[in-house]
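Below, each chain spelled out in residue letters.
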Amino acid sequence: MDFTFTEEQLAAAEAARGVFAGVAPDAVPSPALTTGAVAEAFDRELWDRLAGADLLSLLLGEEYGGAGLDAIALCLVLRESAKVLARVPLLEHSAALATVQRYGSEELRDRLAARAGRGEPVLTVAASGRTGHDPAELAVTARRDGDTWVLDGVQTAVPWAYDAGLVVVPARTETDRSVLALVAPGGAGATAGGSGPAGIALAEQVSTSGERLGELRLESARVVARDVVAADGAWPWLRELLVTGTCALALGLGERVLRMTGEYAGKREQFGRPIATFQAVAVQAADRYIDLRAMEATLWQAAWRIASGAAGALPAAGDVAVAKIWAAEGVRRVVQTAQHLHGGFGADTEYVLHRYHAWAKQIELALGGAGVHEEALGDLLAAHPLG
């Protein structure tokens, strides 16, 4: 197995570093300093720069103006975005767009792919289910009625819902199949509790990181059939890509936090010596470095399975579950150790670390914490005995 990145993948990461170089993490709105959501919308200026650098169309084919890259390239870019706490729907938009290209009809691809690759409309995904703990595809029912699909149900914690032009909503049909409906919630500027098109409404929620989420309520909402992706495998593939993307975010954030901790410990002195020279401090930092390397190895394994479609002892979902287990537990340990080694300075709202801590908790639990994925991995092992 060779995890050496291609020149094109490395170029994407380099382009991302160039775009994100202008982002100041200590200027990112802090949930500790704000009542309610930290901002009404995401960072539109940064979004436009990503579009201008062709980083929103990484996974699109050349026929749609994209670079034709894969999940590994996307994860490299997401890793860089998390280092600066980039407030953009890069993961959700890219994953939704890649799914439309892979599983959508030719008409849907031609109508949406190129435009979304330029950043408009913004796409997001309702992937948390009704409560955040149940399968998302079971939270909404879909039934065919002539040339439309009728949707009923609730999806909670939809990221960037108030900014998105389209929300990809997984739903379950009467024949126990999963479909993906592209729902227009009313566009950017919708107000808390406000209604969009008939049968579609948003209710404001706030994430751990302080970002504005939306509870999407569907009541006999009609979506034209051409805006529904009914191909088998579309939702599992999209969810696996989303989960793997959160692992990339966890890795990038964790790497930046450990670097911050090392820099602080090298300067902070006690008893006339930098605390980095104390064995207890060095051992804790070394343990967190090991966590990050395990997070990295499992991330690239999962991304490679998605990108290559290669067979394995378990379905790709198994590698994705392993990656999320390490990412969830690893990023939590990294930020906890960072807070401990920073002492009271780590909780100072004038210092950036508390922002990373809030984002880490959001990423840890997004799309299921470690326990959820340990259960999923157990089910896969039971269904596919290794022998």
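Rules used in this analysis
- Residues numbered from 1 in each chain as written.
- Predicted model: local features only at pLDDT ≥ 70, side-chain atom pairs only at ≥ 80, totals over all residues.
- Heavy atoms only, no water.
- Helix = DSSP H or I, 4+ residues; strand = E, 2+ residues; numbered from the N terminus.
- Buried < 20%, exposed > 50% of the residue type's maximum accessible area, 1.4 Å probe, protein only.
- Contact = heavy atoms within 4.5 Å.
- Areas by Shrake-Rupley, 256 points an atom, 1.4 Å probe, with all protein chains shown as cover.
- Lys, Arg positive; Asp, Glu negative; His and termini not counted.
- Charge placed at Lys NZ, Arg CZ, Asp CG, Glu CD.
- Expected span 1.5 Å × (residues − 1).
- Arc of directions from axis to C-beta.
- Polar contact = N/O pair within 3.5 Å; in protein donor to acceptor, adjacent residues only side chain to side chain.
- Core = buried A, V, L, I, M, F, W, Y, C linked by side-chain atoms within 4.5 Å.
- Patch = residues over 30% accessible without salt bridge, like charges linked within 9 Å, V, L, I, M, F, W, Y side chains within 5 Å.
- Salt bridge = Lys/Arg side-chain N within 4 Å of Asp/Glu carboxyl O.
- Phe/Tyr/Trp six-rings, centres within 6.5 Å; stacked < 30°, edge-to-face > 60°.
- Lys NZ or Arg CZ within 6 Å of the ring centre and 35° of its normal.
- Pairing = 2+ DSSP bridges.

Draft legend 1. Up close: the overall build of the protein chain. Helix and strand content of the protein chain: 10 helices and 10 strands. Counting only C-alpha atoms, the protein chain reaches 80 × 55 × 35 Å along its principal axes. Burial statistics for the protein chain: of 387 residues in total, 55% are counted as buried. Taking contacts inside the protein chain between residues at least 6 apart in sequence as the whole, the part at least 24 apart equals 73%. For the protein chain, the exposed area adds up to about 16300 Å²; of that, 52% sits on carbon and sulfur atoms. Computed over 34 positive and 48 negative side-chain charges, the inter-centroid distance for the protein chain is 3 Å.

Draft legend 2. Broad picture of helix H5 (residues 106–117). With 12 residues, H5 extends 16 Å between its outermost C-alpha atoms, agreeing within 8% with the 16 Å of an ideal straight helix rising 1.5 Å per residue. Looking at H5, one finds that the buried residues are Leu 108, Arg 109, Leu 112, Ala 113, Ala 116 and Gly 117. Looking straight down H5, one finds its buried side chains confined to an arc of 115°; they lie on one side. On its buried face, H5 is in contact with helix H4 (90–103), strand E1 (123–125), strand E4 (166–173), strand E5 (178–183) and strand E8 (228–229). Of the residues one or two after H5, Gly 119 is the one with positive phi, at around 105°.

Draft legend 3. Region of the structure containing the environment of Arg 273. Note on placement: Arg 273 falls in strand E10 (residues 273–274). Put simply, Arg 273 and Pro 159 are 114 residues apart on the chain and 45 Å apart in space, counted from C-alpha to C-alpha. The residues touching Arg 273, leaving out its near neighbours within four places in the chain, are Arg 268 and Phe 278.

Draft legend 4. Highlighting the side chain of Arg 87. Relative to the helices and strands, Arg 87 resides in the loop between helix H3 (71–83) and H4. Accessibility expressed as a relative area gives 9% for Arg 87, which makes it buried. A polar side-chain atom of Arg 87 sits 2.6 Å from a polar atom in the side chain of Glu 211. Those residues in contact with Arg 87 that lie beyond four places of it in its chain are Val 28, Pro 29, Val 38, Ala 39, Ala 41, Phe 42, Asp 43, Trp 160, Glu 211 and Trp 359.

Draft legend 5. Highlighting helix H9 (residues 353–365). Its 13 residues place the ends of H9 19 Å apart at the C-alpha level, agreeing with the 18 Å of an ideal helix rising 1.5 Å per residue. Those residues of H9 that sit buried are Leu 353, His 354, Arg 355, Tyr 356, Ala 358, Trp 359, Ala 360, Ile 363 and Glu 364. Buried-residue contacts for H9 involve H3, helix H6 (234–267) and helix H8 (316–342). Trailing H9 by a residue or two, Leu 367 shows a phi angle of about 60°, which is positive.

Draft legend 6. Highlighting the nonpolar core. Of all hydrophobic cores here, the largest spans 93 residues; its most connected members are Phe 20, Leu 50 and Leu 253. Here the element with the most residues in this core is H6; it accounts for 16 residues. Every residue in contact with Leu 253, bar those within four places of it in the chain, is listed here: Ala 82, Lys 83, Leu 85, Val 331, Val 335, Tyr 356, Trp 359, Ala 360 and Ile 363. Val 140, Ala 164, Leu 202 and Leu 216 belong to the second-largest nonpolar core, a separate cluster that totals 23 residues.

Draft legend 7. Geometry of a negative patch on the surface. On the surface, Glu 62, Glu 63, Glu 106 and Asp 110 cluster together into a negatively charged patch. Structurally, the position occupied by Glu 62 is in the loop between helix H2 (44–52) and H3. Residue classification places Glu 62 among the exposed positions, given a relative accessible area of 67%.

Draft legend 8. Just the packing of aromatic side chains, in detail. Overall, the coordinates contain four aromatic pairs when judged by the stated rule. One aromatic cluster in this structure is built from Phe 42, Trp 47 and Trp 160. Just above the ring of Tyr 162 sits the side chain of Arg 212; from NZ or CZ to the centre is 3.7 Å. For the cation-ring pair, Arg 293 lies above Tyr 289, with the distance from its terminal atom to the ring centre recorded as 4.9 Å.

Draft legend 9. Molecular detail of the pairing of strand E2 (residues 140–145). Where E2 meets strand E3 (residues 148–159), six bridges bridge the pair, whose relative direction is antiparallel. In the strand pairing of E3, Val 140 is matched with Gly 153. If you look at the hairpin formed by E2 and E3, you'll find two residues sitting between the two strands, and Gly 146 has a positive phi there, around 65°. As judged from the two bridges shared by E2 and E4, these two strands associate in the parallel manner. Across the sheet, residue Thr 141 finds its bridge partner in E4, namely Arg 172.

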